[in-house]
Amino acid sequence: MSTKTTIPPTVFVIFGGTGDLNARKLTPALYNLFLDGWLPAQFAIIGTGRSKLTDEEFRTNLLADVNQFSRSGKAKKEAWDKFAPHINYQVADVKAPEAYEEFGQRIAGFEKEWNAPANVIYYLAVAPEFFPIIATGVAKSHAGTDPARVRIVIEKPFGHDLESARALNQLLAEHYEERQIYRIDHYLGKETVQNIMAFRFANAIMEPLWNRNTIEHVQISVTEQLGVGERTGYYDGSGALRDMIQNHLLQLLCLVAMEPPVNFTADEVRNRKVDVLRAMRRFTPEMVRESAVRGQYGPGWIEGKQVPGYREEKDANPTSSTETFAAVKFFVDNWRWQGVPFYLRTGKRLHRSASIITIQFKDVPHVIFPAETVEGWRKNRLVISIQPEMSIRLQVQAKRPGLDMMLNTVDMVFDYQGTYTNETPEAYETLLLDTMLGDQTLFMRGDQVEEAWDLVMPILTSWQNRPSLSFPNYSADSWGPEVAEALVARDGFHWFTLPLNGKK
Ligand code: BG6
């Protein structure tokens with residue numbers, strides 16, 4: 001989010017230092033920020049966990065992770081040798097007050113060495129049950145520090161429901177100012193997601209079309225080919241609605257539906273997003289039955305390999321009624337969007353992994369062409385493809401070359417690969433950099449999280465009270481349960497999937 005600004009001396013403390021998130025995302029992101037020249041010389045990482053490791057052992061483990069997961073590929077020896085000395089390890093029991101004193105001593109050591117006060121960022125890459133104890137321990141150990149210099153980063157899930165999210169917000173508010181709290185939704189760090197604001201608000205031609213007069217409906221679809229795999233421990237208590245819709249998909253919806261902010265500052269942007277959530281129609285139990293559908297995958301074949309159903313995954317509950325697929329029809333009750341349905345769907349073990357936002361425009365008011373010329377006619381569509389393809393396509397009608405007048409649909413395409421040669425940073429690089437720069441634009445504010453929970457609670461409650469009798473109801477490699485097709489078909493639509501390689 002920034003042009004190269006200087007980052008002040010910083011200590012980055014990672015709780016869950018020996019965990020999966022640090023291995024796959026955090027350290028590779030910090031390493032790439034280092035390679036790209038973002039990190040200051042006065043920079044230290046303290047990884048912490050329960051295992052007893054020396055600094056050297058910890059560095060060796062992280063090197064293997066970087067080699068495996070970094071977008072820049074295997075680390076070059078010379079670069080790693082410069083980066084590694086910034087990494088430190090400290091064994092800690094987060095429940096013990098001494099742990100925080102030890103961090104304090106280490107941080108003071110760096111400040112002495114640098115002869116400068118450090119900003120300290122605490123990243124909670126741990127299970128949510130540890131958030132309160134760590135947040136409290138960190139706050140106590142910084143009782144006398146200028147709040148501008150201490151930040152706390154909270155990974156998802158932020159709460160399990162509205163009540164627990166409120167309780168966590170309250171606890172954080174007792175110890176921190178909102179400007180110190182960075183609630184992660186990694187979708188907001190994705191390059192293509194950040195571009196939605198640029199596309200909407202840096203171009204004059206879109207805004208006049210961006211409303212109920214020209215837009216018929218909107219689809220936000222995040223499909224994943226992977227199954228839950230070994231994550232059933234977490235996933236079974238969560239499900240697709242909590243895991244994806246409450247956060248990532250609703251955030252995408254906010255970016256599509258928000259009013260133009262006055263300027264590009266964190267609170268302006270977040271105010272406009274929370275306005276959307278507040279305007280969203282709340283569900284009655286009756287509406288839940290009509291507008292929200294769920295699914296769970298059974299066994300099947302994906303790309304020639306046999307894959308287990310959700311209930312047969314490792315350590316899974318064989319009678320689980322957790323949904324691995326959810327589709328919901330939402331409305332935003334304001335002047336801009338009245339009557340325009342927003343269909344959101346997400347699921348695991350589907351035919352293909354693709355995250356796309358489709359804006360379907362209304363048809364022309366009157367067709368002047370004879371019926372036989374318009375066989376391939378489609379309403380205009382704007383397709384924002386977030387991943388794996390990174391593109392924006394505007395689908396328009398055009399005359400097919402030839403002596404007769406035949407129309408078909410063609411795509412006007414902006415694709416990242418063809419337009420830019422520089423590599424796209426990972427979402428976590430953007431987000432970690434922003435925590436160091438103190439920019440909260442791409443982070444969730446407390447009120448946003450609570451509004452999003454408030455919105456989905458009636459669905460969660462209703463599903464919990466009525467476990468599905470039809471699970472599993474879709475097979476691996478499909479596009480989900482039939483009820484999801486029916487949800488849009490009833491309104492005369494179908495789910496849009498981007499043809500592979502953009503070809504029809
Ligand atoms: C996470 C969910 O937040 O997002 C996962 O917990 C999901 O279940 C993942 O697979 C998807 O993220 P991405 O960046 O791979 O689309």
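Residues numbered from 1 in each chain as written. Predicted model: local features only at pLDDT ≥ 70, side-chain atom pairs only at ≥ 80, totals over all residues. Heavy atoms only, no water.

Our working definition: UniProt positions are given in the numbering used here, feature names are shortened, and annotations may be inferred rather than shown by experiment.
The name given to the protein chain in an unreviewed UniProt entry is Glucose-6-phosphate 1-dehydrogenase, with the source organism recorded as Hymenobacter negativus. Of the comments in the UniProt record for the protein chain, the one headed Function (unreviewed entry) reads "Catalyzes the oxidation of glucose 6-phosphate to 6-phosphogluconolactone."

**Focus on the UniProt feature "domain: Glucose-6-phosphate dehydrogenase C-terminal" (unreviewed entry) in the protein chain**
Rules: By definition, any uninterrupted DSSP run of H or I lasting at least four residues is a helix, any uninterrupted run of E lasting at least two residues is a strand, and each is numbered from the N terminus.
Residues annotated in UniProt with the feature "domain: Glucose-6-phosphate dehydrogenase C-terminal" (unreviewed entry) correspond here to residues 197–495. Measuring from the first to the last C-alpha atom of residues 197–495 gives 24 Å, for a span that is 30% helix and 23% strand.

**Topic: the site of the ligand**
Rules: Here a residue is near a molecule or strand as soon as one of its heavy atoms is found within 4 Å of it. Two N or O atoms form a polar contact when they lie within 3.5 Å of each other; inside protein one atom must be a possible hydrogen donor and the other a possible acceptor, and for residues adjacent in sequence the pair counts only when both atoms belong to side chains. Per-residue and other accessible areas were derived by the Shrake-Rupley procedure at a 1.4 Å probe size, with only the shown protein chains allowed to occlude residues. For this scheme, ten residues count as nonpolar: Ala, Val, Leu, Ile, Met, Phe, Trp, Tyr, Cys and Pro. Four count as charged, namely Asp, Glu, Lys and Arg, and the remainder, Gly too, count as polar.
Every residue close to the ligand is listed here: Lys 156, His 186, Tyr 187, Lys 190, Glu 224, Arg 231, Asp 243, Met 244, His 248, Lys 348 and Gln 387. At 2.9 Å from an oxygen atom of the ligand is found a side-chain nitrogen or oxygen belonging to Arg 231. In isolation the ligand exposes 400 Å². Once the protein is present, 76% of that is buried. When grouped by side-chain class, the residues that make up the shell around the ligand number two nonpolar, three polar and six charged.

**Observations concerning helix α5 (residues 131–141)**
Stated precisely, the cut-off is as follows: Exposed residues in this analysis have more than 50% of their type's maximum accessible area, buried residues have under 20%, and partly exposed residues fall in between, with area computed by a 1.4 Å probe over protein chains only. Note on contacts: a residue pair is in contact if any heavy atoms of the two residues lie within 4.5 Å.
Among all positions of α5, only Phe 131, Ile 134, Ala 135, Thr 136, Gly 137, Val 138 and Ala 139 are buried. Considering only its buried residues, α5 is in contact with β1 (10–15), α4 (97–114), β4 (119–124), β5 (150–154) and α6 (162–175).

**Describing empty space enclosed by the protein**
Operational definition: Buriedness of a pocket was judged along seven lines, with at least five required to meet protein on both sides within 12 Å; pockets are open sets of points on a 1 Å grid over the protein atoms alone, cavities are sets where a 1.4 Å probe fits but cannot get out, and lining residues have an atom within 4 Å of a point. Grid points are joined across faces, edges and corners, and a volume is the space filled by probe spheres set on the points.
One pass over the full model with this rule turns up four cavities of 30 Å³ or more. The computed volume of the largest cavity comes to approximately 100 Å³. Along its surface, the largest cavity is lined by eleven residues, and Val 193, Gln 194, Met 197, Leu 255 and Leu 442 are the ones closest to its centre. For the lining of the largest cavity, the elements supplying multiple residues, two or more each, are α7 (191–201) and α10 (266–279). Examining the composition of the lining of the largest cavity, we find that three residues originate from one element, α7, more than from any other. Across the lining of the largest cavity, the residue classes break down as eight nonpolar, two polar and one charged. Quantified by volume, the second largest cavity comes out at close to 60 Å³. Lining the second largest cavity are Arg 24, Lys 25, Pro 28, Ala 29, Asn 32, Phe 69, Ser 70, Arg 71, Glu 426, Tyr 428 and Glu 429.

**Quick word on the side chain of Thr 441**
Structurally, Thr 441 can be placed in the loop between α13 (427–437) and α14 (446–465). Take Thr 441: its relative accessible area is 4%, and that puts it in the buried class. Reaching out from Thr 441, the side chain makes a polar contact with the side chain of Asp 439 at a distance of 2.5 Å.

**Points about the pattern of salt bridges**
Going by this rule: In what follows, salt bridge is the name for a side-chain nitrogen of Lys or Arg lying within 4 Å of a carboxyl oxygen of Asp or Glu.
Under the defined criterion, the tally for this structure stands at 33 salt bridges. Of the charged contacts, one joins Arg 166 and Glu 450 as a salt bridge, the two residues approaching to 3.6 Å between their closest N and O atoms. A residue pair is termed long-range when its members are at least 10 positions apart, and Arg 166 in helix α6 and Glu 450 in helix α14 qualify at 284 residues. Note that Arg 270 and Asp 267 form a salt bridge whose closest N and O atoms lie 3.6 Å from each other. One end of the pair is Arg 270 and the other is Asp 267, both in helix α10 and three residues apart, which spans about a single turn. Exposure remark for Arg 270: the relative accessible area of 1% places this residue in the buried category. Within this structure, Asp 36, Arg 71, Glu 423 and Glu 429 form a network of salt bridges that share partners.

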